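# Commentary on secondary and tertiary structure
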Amino acid sequence: MSHLKGLGRLLIAVTFFTAGFIINIGQLLLIILVRPFDKRLSRSLMYYLHYSFYCILVCVAEWYAGSKLRVYIDPEDEKYFGKEHAFMLMNHTYEIDWLTIWMISDKLGVLGGTKAFAKKMLRYIPVLGWVWWMAEFIFLDRDFEKDKVVIKTQLKEVFSYPDPVWLLLNAEGTRFTKAKHELSVKFAQERGLPIMKHHLVPRTKGFTTSLPTMRGVCPAIYDLNLAFKRNAETRPTTLSQLNGEPVEPYMLIRRVPLEKVPEGEKEAAAWIQDFFVQKDKIIDSFHETGSFFKASGEKEVPEKIFKPRLATLLNFLGWASFCVLCILHYLISAVVVGNWIGFITVLTVLGGFYGLMEYAVNASKISKGSAYGVKK
């Protein structure tokens, strides 16, 4: 069984990184050859490159691992999804919270338009970081004086896209851990802020700096509340998905019109603090009662279970077939003509892809997370 899982991870690694490298080339060509003459066309074509890349892992989660996303959405809100720009706020608790965003955005038709605020160092990661860089993610130094200029400039660019963009801000600044939570609780106590059980105190500057630029171009905040049952048999990790082990994420999405957020900086900062207190009640209700609604006071909305889309499976099969056939053709040709250097080089590259995937899995573990929020 372990050998089969290893082969599965190898196929996924080869497909993901080969497809990603080809998509990197496509992105670069669009930036050089199309964007100077027609930025709108360039971005429209970029959308499909991003979609094709991201849905490789969506396929792995849903078709290979069999993970099932349960979503709670107010029908009145759902009619807006996929038809407007959105600024996303989400609890940053799990290794695969980013993957659940790709899963739901795929179902709502905006997967190719998902973007995020991210650490600047991430753009240098081969393939994935390069995709994000050329997809115009907003990369930050975690130095507010530098970042506030980047935020104002890049937000205008991001929300000028022709297709709907979902832009994620992890307002907590870093992933939730026990150590970071203890310091967050201490910080809140010292400043008279509410104590939260499942969230860190949100960092308000990125949010309040973004608001003036967003007004008039981004109509709403989408609040994503993600939870996994604590007694679930399979842990929600990147490795569990690559091993074909299903997980069951639960997600409550709330749409908040941007005009409900106060305009003053202090008032907006207080608003997001209160907003996270309510988010904490929602997550606490889930863990204590099994429902987002019973103990939170939140309006109950219906559950939806989205079936995997055939398009993600066909996309993966297309890329996997192309990669495997090209590799096999080259290896067989190398053996026939005695090109052992080429043969060994290809095997080395395959080993490198597998190693890169293993490195990415290890780096995504919560225990390997950033020390940001612990040192400060």
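Quick look at the structure, then. (Residues numbered from 1 in each chain as written. Predicted model: local features only at pLDDT ≥ 70, side-chain atom pairs only at ≥ 80, totals over all residues. Heavy atoms only, no water.)

## Overview of the overall build of the protein chain
If you tally the helices and strands in the protein chain, you get 12 helices and eight strands. A compact globule built from 376 residues would reach a C-alpha radius of gyration of about 21 Å, and the protein chain, at 21 Å, matches this within 12%. By residue count, 52% of the 376 residues in the protein chain fall in the buried class. Of the contacts formed within the protein chain by residues at least 6 apart in sequence, a portion of 77% connects residues at least 24 apart. If you sum the accessible surface of the protein chain, you get close to 18000 Å²; carbon and sulfur atoms cover 62% of it. Taken as two groups, the 47 positive and 36 negative side-chain charges of the protein chain have centres that lie 4 Å from each other. (Helix = DSSP H or I, 4+ residues; strand = E, 2+ residues; numbered from the N terminus. Rg over C-alpha atoms; globule rule 2.2 N^0.38 Å. Buried < 20%, exposed > 50% of the residue type's maximum accessible area, 1.4 Å probe, protein only. Contact = heavy atoms within 4.5 Å. Areas by Shrake-Rupley, 256 points an atom, 1.4 Å probe, with all protein chains shown as cover. Lys, Arg positive; Asp, Glu negative; His and termini not counted. Charge placed at Lys NZ, Arg CZ, Asp CG, Glu CD.)

## Quick notes on the side chain of T234
Within the element layout of this structure, T234 appears in the loop between β6 (220-227) and α9 (238-242). At 3.4 Å, the side chain of T234 and the backbone oxygen of P246 are in polar contact. Look past the residues within four positions of T234 in its chain and what remains in contact with it is S240, E245, P246 and V247. (Polar contact = N/O pair within 3.5 Å; in protein donor to acceptor, adjacent residues only side chain to side chain.)

## Regarding the packing of aromatic side chains
The full count for this structure, using the stated rule, is 23 aromatic pairs. Where Y47 meets Y48, the ring centres are 5.4 Å apart and the plane angle is 75 degrees; that geometry is what we call edge-to-face. Classification of Y47 by relative accessible area gives buried; the value is 15%. Members of the aromatic cluster, joined through ring pairs, are F16, F17, F53, Y54, W98 and W102. In this structure, R123 packs its charged tip against the face of W133, placed 4.5 Å from the ring centre. (Phe/Tyr/Trp six-rings, centres within 6.5 Å; stacked < 30°, edge-to-face > 60°. Lys NZ or Arg CZ within 6 Å of the ring centre and 35° of its normal.)

## A closer look at the nonpolar core
The biggest cluster of nonpolar side chains holds 75 residues, and the ones touching the most others in it are Y54, I104, W166 and F292. Ranked by residues supplied to this core, first place goes to helix α2 (residues 39-64) with 10 residues. Counting residues in each nonpolar core, the second largest holds 28 residues, with L89, F117, V261 and A268 among its members. (Core = buried A, V, L, I, M, F, W, Y, C linked by side-chain atoms within 4.5 Å.)

## Looking at helix α11 (residues 310-337)
Helix length check: α11 (28 residues) gives 40 Å between terminal C-alpha atoms against 40 Å at 1.5 Å per residue, within 8%. When α11 is considered as a whole, its buried residues turn out to be T312, N315, F316, W319, A320, C323, I327, L331 and A334. Positive backbone phi, at 75 degrees, marks G338, one or two positions downstream of α11. (Expected span 1.5 Å × (residues − 1).)

## Observations regarding helix α8 (residues 204-214)
For α8, the buried fraction is high: eight of the 11 residues fall into the buried class. Three or more residues of α8 are buried, namely T204, F207, T208, T209, S210, L211, T213 and M214. On its buried face, α8 is in contact with β2 (86-90), β3 (114-119), α6 (144-158), β5 (166-169), β6 and α10 (265-289).

## Focus on unusual backbone geometry
Even without a glycine there, the phi angle at V127 is positive, about 70 degrees. Within the fold, V127 resides in the loop between β3 and α5 (128-134).

## Side note on the environment of E182
If you trace the backbone, E182 turns up in helix α7 (residues 178-191). A residue is classified by how much of its surface remains accessible, and E182, at 48% relative accessible area, is partly exposed. With 99 residues separating them in the primary sequence, E182 and K83 have C-alpha atoms 40 Å apart.

## Some points on the pairing of β2
By the criterion of burial, β2 is predominantly enclosed, with five of the five residues buried. Every second residue of β2 is oriented toward a common face, with A86, M88 and M90 on one face and F87 and L89 on the other, all of them buried. As defined by bridge partners, β2 adjoins β5 across four bridges and the pair is classed as parallel. Following the sheet pairing, F87 is matched in β5 by L167. Sheet analysis places β2 next to β6, joined by five bridges and oriented parallel. Bridge assignment links M90 to a residue of β6, and that residue is L224. (Pairing = 2+ DSSP bridges.)

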